[in-house]
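# Reading the structure
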Amino acid sequence: MSRSSLESSDPQLWQSVQHERTRQKEGLELIASENYTSAAVLEAAGTILTNKYAEGYPGKRYYGGCEFVDEIENLARDRAKQLFGAEHVNVQPHAGSQANMAVYMSVLQPGDTILAMDLAHGGHLTHGFGLNFSGKLFNFKHYGVRQSDHRIDFDQVVRLAKEFKPKMIVAGASAYPREIDHAKFAEIARENEALFMVDMAHYSGLVAGGMHNSPVPHADFVTTTTHKTLRGPRSGMVMCREKFAKDVDKTVFPGLQGGPLMHIIAAKAVCFGECLAPSFKDYAKQVVANAQVLADTLVAGGIRLVSGGTDNHLMLCDVTAIDLSGKIAEQALDKAGITVNKNMIPYDQRKALDPSGIRIGTAALTTRGMKEAEMKQVGGWILRVLKASSDEAALAKIRHEIAEFATAYNVPGIG
Ligand code: DSN
């Protein structure tokens, strides 16, 4: 095999990349926010487009030589609009945080009140966490899930909306295993004269694939990352109603960012093209089917799931019920070649760095072509690890079995 340019010019860096390739190939990736992009998305992200400055928007740039990157950004915008039925799209946010920041800053003033989901109940850092820009700049109030069934407490949402009169209501979550009723949120926002934003980062691929109701008809603003269930490059995007288009665009640039990452925008265009193909619907359907089988397998093995199951791509396991903590479970699974993340569960009595739960998602393994039968096997390994979490020999044995199993499944871009 001929040596790559990277291998020749920077063997130290190349070596780390090789180790990561092996980790991705031999392990079982179950982090709910991760996925494997296609080889075409990877190729676009690695193109010479990274060389180009293109501050501004197509047709209105501050640099010469933008005729081809204009074509690319227009393609990304048009495909995103078609995919989600959005009135306006800005594909320049570098990540989900910038997308959310752009929405807040385009129509709100510092100190304004926003009602969003509590991080401890499944929300996100940018939905008002105290150490995040959102919590520092805006006056966030939080709703959560009911203790009885772990579903969003809409009575509380209504109560808090009436009490605090927020300028904006935010729906969307990072660790909520159930379908979100966007229409209901929109109605509450309307009744309280609040703007409505949905951060669908986790489930945008399910929306694109028809497996989750779309927030786009209901919300003034919809943000998403592009690398989770949507399976694109690591990045973000804002969609909004036409009347907010100018405000959003000028907040993204020059408000928050300088030059857009044109290689990543190209990769987003490729991703949106892939999501428009009929086969993406099959993918989204399989992600959900896989999550349901994995959830059933874990429950049958004695694991307690937050809300009792899942409607989407993820599940939250309360591992305290089997005398573990989230941190210990994550570490044991890691040793066996299964990657998850420790996670707070609603009403958690433990702290974020060693919470009661782990979060598991099926988007990445589904990309490798795994189906229901494989999910039963994967669930079996998870149960074995959790029941032998301090038995190093047992974990090493499972790691070996998993490496043998996983190697047989393709990873796009690796083979
Ligand atoms: N950090 C991401 C997640 O894991 O859900 C959200 O941005």
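Right above here is the structure, for reference.
Structural notes, computed from the coordinates.

Basis of the calculations
- Residues numbered from 1 in each chain as written.
- Predicted model: local features only at pLDDT ≥ 70, side-chain atom pairs only at ≥ 80, totals over all residues.
- Heavy atoms only, no water.
- 1 Å grid on protein atoms, 1.4 Å probe; cavity = no way out; pocket = protein on both sides within 12 Å on 5 of 7 lines; lining within 4 Å.
- Points joined across faces, edges and corners; volume = space filled by probe spheres on them.
- Nonpolar A, V, L, I, M, F, W, Y, C, P; charged D, E, K, R; others polar.
- Axes fitted to C-alpha atoms, helices over the stretch in contact; angles between N-to-C directions.
- Helix = DSSP H or I, 4+ residues; strand = E, 2+ residues; numbered from the N terminus.
- Parallel < 35°, antiparallel > 145°, perpendicular 65-115°, else oblique.
- Left-handed = near helix turned anticlockwise from the far one by under 90°.
- Contact = heavy atoms within 4.5 Å.
- Buried < 20%, exposed > 50% of the residue type's maximum accessible area, 1.4 Å probe, protein only.
- Pairing = 2+ DSSP bridges.
- Salt bridge = Lys/Arg side-chain N within 4 Å of Asp/Glu carboxyl O.
- Near = heavy atom within 4 Å.
- Polar contact = N/O pair within 3.5 Å; in protein donor to acceptor, adjacent residues only side chain to side chain.
- Areas by Shrake-Rupley, 256 points an atom, 1.4 Å probe, with all protein chains shown as cover.
- Right-handed = clockwise from strand over helix to strand, strands pointing away.
- Core = buried A, V, L, I, M, F, W, Y, C linked by side-chain atoms within 4.5 Å.
- Patch = residues over 30% accessible without salt bridge, like charges linked within 9 Å, V, L, I, M, F, W, Y side chains within 5 Å.
- Expected span 1.5 Å × (residues − 1).
- Arc of directions from axis to C-beta.

## Notes on empty space enclosed by the protein
With the rule as written, the count across this model stands at two cavities of 30 Å³ or more. As a volume, the largest cavity reaches approximately 40 Å³. Lining the largest cavity are Ala173, Tyr176, Arg178, Ile180, His202, Tyr203, Asn312, His313 and Leu314. For the second largest cavity, the full set of lining residues is His121, Val145, His150, Ala175, Tyr176, Pro177, Val306, Leu316 and Pro346. By residue class, the composition of the lining of the second largest cavity is seven nonpolar, two polar and no charged.

## Considerations on the packing of helix H15 (residues 372-387) against helix H16 (residues 392-407)
It is at 10 Å that the axes of H15 and H16 come closest, and there the two elements cross at 165°. It follows from the interaxial angle that H15 and H16 lie roughly antiparallel. Between H15 and H16 the crossing geometry is left-handed. Only Leu395, Lys397, Ile398, Glu401, Ile402 and Phe405 of H16 make contact with H15, whose side of the interface consists of Glu374, Gln377, Val378, Trp381, Arg384 and Val385. Partitioned by chemical class, the residues of the contact of H15 with H16 number seven nonpolar, one polar and four charged.

## Digging into the pairing of strand E9 (residues 221-225)
Of all five residues in E9, five are buried; the element is thus mostly enclosed. Judged by which residues are buried, E9 turns out to be covered on both faces: Phe221, Thr223 and Thr225 on one side and Val222 and Thr224 on the other are all buried. Across three bridges, strand E8 (residues 195-199) lies against E9 in parallel orientation. When the bridges of E9 are listed, Val198 appears paired with Val222. With five bridges connecting them, E9 and strand E10 (residues 236-240) associate as antiparallel partners. What sits directly across from Thr223, in E10, is Val238.

## Some thoughts on the pattern of salt bridges
In the structure shown here, the tally under the stated rule is 15 salt bridges. Salt-bridge contacts for Asp247 lead to Lys250; the nearest nitrogen and oxygen are separated by 3.6 Å. Within this pair, Asp247 and its partner Lys250 are both found in helix H10 (residues 245-256), separated by three residues, close to a single helical turn. For Arg350, the salt bridge is made with Asp354, and the minimal N-O distance between the two is 3.0 Å.

## A look at the site of the ligand
Taken together, Ser33, His124, Ser174, His202, Lys228 and Arg359 make up the full set of residues adjacent to the ligand. Here an oxygen atom of the ligand sits 2.6 Å away from a polar atom, N or O, in the side chain of His202. Between the ligand and Arg359, the relevant distance is 2.7 Å, taken from an oxygen atom to a side-chain nitrogen or oxygen of the residue. Contact with the protein chains covers 64% of the free accessible surface of the ligand, which is 230 Å².

## Notes on the environment of Asp334
The residue Asp334 is located in helix H13 (residues 326-335) in this model. Placed 32 residues apart in sequence, Asp334 and Gly302 show a C-alpha to C-alpha distance of 21 Å.

## Remarks on the sheet that holds E10
With mixed pairing, the seven strands of this open sheet are ordered in space as E4-E10-E9-E8-E7-E5-E6. Here the strands that pair on one side only, and so sit at the sheet edges, are strand E4 (88-90) and strand E6 (139-143). Pairwise comparison of adjacent strand axes, ignoring direction, gives a mean angle of 20° for this sheet. Sheet topology note: the strand E5 (residues 113-117)/E6 ladder contains five bridges and is parallel. Across the sheet, the residue bridging to Thr113 is Asn139, located in E6. Packing of helix H4 (residues 67-84) onto the sheet brings it into contact with E4 and E10, and relative to E4 it is tilted by some 130°.

## Some details on the pairing of E8
Of all five residues in E8, four are buried, a share of seventy percent or more. Where the polypeptide runs from strand E7 (residues 168-171) across helix H8 (residues 182-191) and back to E8, its parallel neighbour, the crossover connection is right-handed.

## Quick notes on the sheet that holds strand E11 (residues 304-305)
The sheet built from four strands is open, its strands ordered E11-E12-E15-E14 with antiparallel pairing. The open sheet is flanked by E11 and strand E14 (341-343), the only strands paired with a single partner. Contacting E11, strand E12 (314-318) and strand E15 (357-361), helix H12 (residues 278-300) runs over the sheet at an angle of about 15° to E12.

## Examining the nonpolar core
Counting residues in hydrophobic clusters, the biggest one holds 60 residues, and the most contacted among them are Phe84, Tyr143, Ile152, Phe185 and Met239. Per element, the largest residue contribution to this core is eight residues, and it comes from helix H11 (residues 262-276). If we skip the residues at most four places from it in the chain, Ile152 touches Met117, Tyr143, Gly144, Val145, Arg146, Val157, Tyr176, Ile180 and Phe185. Ile303, Leu333, Leu365 and Leu395 belong to the second-largest nonpolar core, a separate cluster that totals 36 residues.

## Describing a nonpolar patch on the surface
Side chains of Leu119, Leu125, Phe129 and Leu131 sit close together on the surface and give an oily, nonpolar patch of about 360 Å² of accessible area. Mapped onto the elements, Leu125 comes out in the loop between E5 and helix H6 (133-137).

## Thoughts on H10
Relative to the 16 Å expected for 12 residues at 1.5 Å per residue, H10 spans 15 Å between its end C-alpha atoms, a close match to the ideal helical length. When H10 is considered as a whole, its buried residues turn out to be Ala245, Val248, Asp249, Thr251, Val252 and Phe253. Each buried residue of H10 sits inside an arc of 160° when the element is viewed along its axis, so together they form one side. Counted as exposed and oriented over 90 degrees from the buried face of H10: Lys246, Lys250, Pro254 and Gly255. Close packing links the buried residues of H10 with strand E2 (56-57), E4, helix H5 (96-107), E9 and E10.

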